[in-house]
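Here is how the chains run, residue by residue.
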Amino acid sequence: KNQVEQSPQSLIILEGKNCTLQCNYTVSPFSNLRWYKQDTGRGPVSLTIMTFSENTKSNGRYTATLDADTKQSSLHITASQLSDSASYICVVSPYGSASKIIFGSGTRLSIRP
Amino acid sequence: KAGVTQTPRYLIKTRGQQVTLSCSPISGHRSVSWYQQTPGQGLQFLFEYFSETQRNKGNFPGRFSGRQFSNSRSEMNVSTLELGDSALYLCASSYDRGQLRTEAFFGQGTRLTVV
């Protein structure tokens, strides 16, 4: 069964600190892996998208890595800001069925001043 | 370029009623997908429409239906509402030309509360 699991479920860090969120998946083969940021009550916004052949992708202070061998991805946030408080969702698209994407349950990140 | 627009943003309905949600995709996007998001279940895929045809469907009862118009706008209908249908309903559009797929862009969602 295709699954996407994220850890930790929630995380609290101080403003200015770095953090890393994890995503483990069993989807194989897959077309792409995406990280989304979702503010409370709003739609998810794409941060990064990686195909199976890519190892890393950056978007400002956000850097995503992908290890297709171990089926793990991580999202690293550098110098966190209060506006980074949100849920971060890992999403994997199975190859050949790109519309039936599989969502992780998300990591709820809270940045404290 | 306008983003994905969902209307209404908020909706309150009573059990047994039916509801229709609307989604206008990004101009040029022909694929529209619908998702249900609840605190307990997270994001779950409802269905996808492409060129006015339902292309994929998730595991939801027949009370959940949708359609897509020739301008790619899509509507989702839920009949005989249940309390458990209370959720944030998200629509996402993507450019889909053959095997070329792009990332999905989400709308702000419609918050449905069933009382």
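As the structure is a prediction and not an experimental result, all values here were calculated from the model.

1. A short note on the sheet that holds strand β3 (residues 19-24) of chain B
All names here are of chain B.
Piece 1. Taken in spatial order, the four strands make up an open sheet running β1-β3-β8-β7, and their pairing is antiparallel. Where the open sheet ends on each side, the last strands, each with one partner, are β1 (5-7) and β7 (64-68). The mean angle between the axes of side-by-side strands here comes to 20 degrees, regardless of whether they run parallel or antiparallel.
Piece 2. Looking at chain direction, β7 and strand β8 (residues 74-78) are connected through five bridges and run antiparallel. In the strand pairing of β8, Q68 is matched with S74.

2. Brief notes about the confidence of the model for chain A
As a general rule, the predicted coordinates of low-pLDDT regions are not to be interpreted in detail.
Piece 1. Confidence in the prediction of chain A, expressed as mean pLDDT, is 92, and 97% of residues score 70 or more.
Piece 2. The element-level mean pLDDT for chain A is lowest in strand β10 (residues 102-103) of chain A, coming to 88, with strand β8 (residues 72-77) of chain A highest at 98.

3. Side note on the interface of chain B and chain A
Piece 1. With 18 residues of chain B in contact, the opposing surface of chain A contributes 15 residues.
Piece 2. Of the roughly 1500 Å² buried where chain B meets chain A, counting both sides, 53% is carbon and sulfur surface.
Piece 3. Per-residue buried area on chain B facing chain A is highest for B:L43, B:E103 and B:F106; these three make up 33% of the total on that side.
Piece 4. Inspection of the region where chain B meets chain A yields three residue pairs in polar contact (both at pLDDT 80 or more).
Piece 5. Where the side of chain B that touches chain A is concerned, the elements lending two or more residues are β4 (31-38), β5 (42-50), β6 (53-57) and β9 (87-94) of chain B.
Piece 6. The biggest single contributor to the side of chain B that touches chain A is β5(B), with three residues.
Piece 7. Looking at side-chain class alone, the side of chain B that touches chain A contains seven nonpolar, five polar and six charged residues.

4. Looking at the pairing of strand β9 (residues 86-94) of chain A
All names here are of chain A.
Piece 1. The buried fraction of β9 is high, at nine of nine residues.
Piece 2. Burial along β9 is two-sided: the face carrying A86, Y88, C90, V92 and P94 and the face carrying S87, I89, V91 and S93 are both buried.
Piece 3. Sheet topology note: the strand β4 (residues 30-38)/β9 ladder contains eight bridges and is antiparallel. The residue bridging F30 from the neighbouring strand is P94, located in β9.
Piece 4. Inspection of the sheet shows β9 paired to strand β11 (residues 107-112) by three bridges, in the antiparallel sense. Note that in β11 the partner of S87 across the bridge is R108.
Piece 5. Direction of pairing for β9 relative to β10: antiparallel, over a ladder of two bridges. When the sheet's bridge partners are listed, V92 is paired in β10 with I102.

5. Re the packing of aromatic side chains
Piece 1. Considering all chains together, one arrives at nine aromatic pairs over all chains under this definition.
Piece 2. A ring pair is formed by A:Y25 and A:F30, whose centres lie 5.1 Å apart and whose planes are at 70 degrees; its orientation type is edge-to-face.
Piece 3. The class for A:Y25 is buried, based on a relative accessible area of 4%.
Piece 4. Residue classification places A:F30 among the buried positions, given a relative accessible area of 6%.
Piece 5. Between A:F103 and B:F106, the ring centres sit 6.4 Å apart and the planes meet at 65 degrees, which makes this aromatic pair edge-to-face. Highlighted residues: A:F103 in strand β10 and B:F106 in strand β12 (residues 105-106), drawn from two different chains. For the residue pair A:F103 and B:F106, the accessibility class agrees, reading buried in each case.
Piece 6. Aromatic ring contacts, followed pair by pair, group A:Y36, A:F103, B:Y35, B:F45 and B:F106 into a single cluster.

Quick notes on the rules
- Residues numbered from 1 in each chain as written.
- Chains lettered and ligands numbered in written order.
- Predicted model: local features only at pLDDT ≥ 70, side-chain atom pairs only at ≥ 80, totals over all residues.
- Heavy atoms only, no water.
- Pairing = 2+ DSSP bridges.
- Helix = DSSP H or I, 4+ residues; strand = E, 2+ residues; numbered from the N terminus.
- Axes fitted to C-alpha atoms, helices over the stretch in contact; angles between N-to-C directions.
- pLDDT = per-residue confidence, 0-100.
- Contact = heavy atoms within 4.5 Å.
- Buried area = accessible area lost by both parts, 1.4 Å probe.
- Polar contact = N/O pair within 3.5 Å; in protein donor to acceptor, adjacent residues only side chain to side chain.
- Nonpolar A, V, L, I, M, F, W, Y, C, P; charged D, E, K, R; others polar.
- Buried < 20%, exposed > 50% of the residue type's maximum accessible area, 1.4 Å probe, protein only.
- Phe/Tyr/Trp six-rings, centres within 6.5 Å; stacked < 30°, edge-to-face > 60°.

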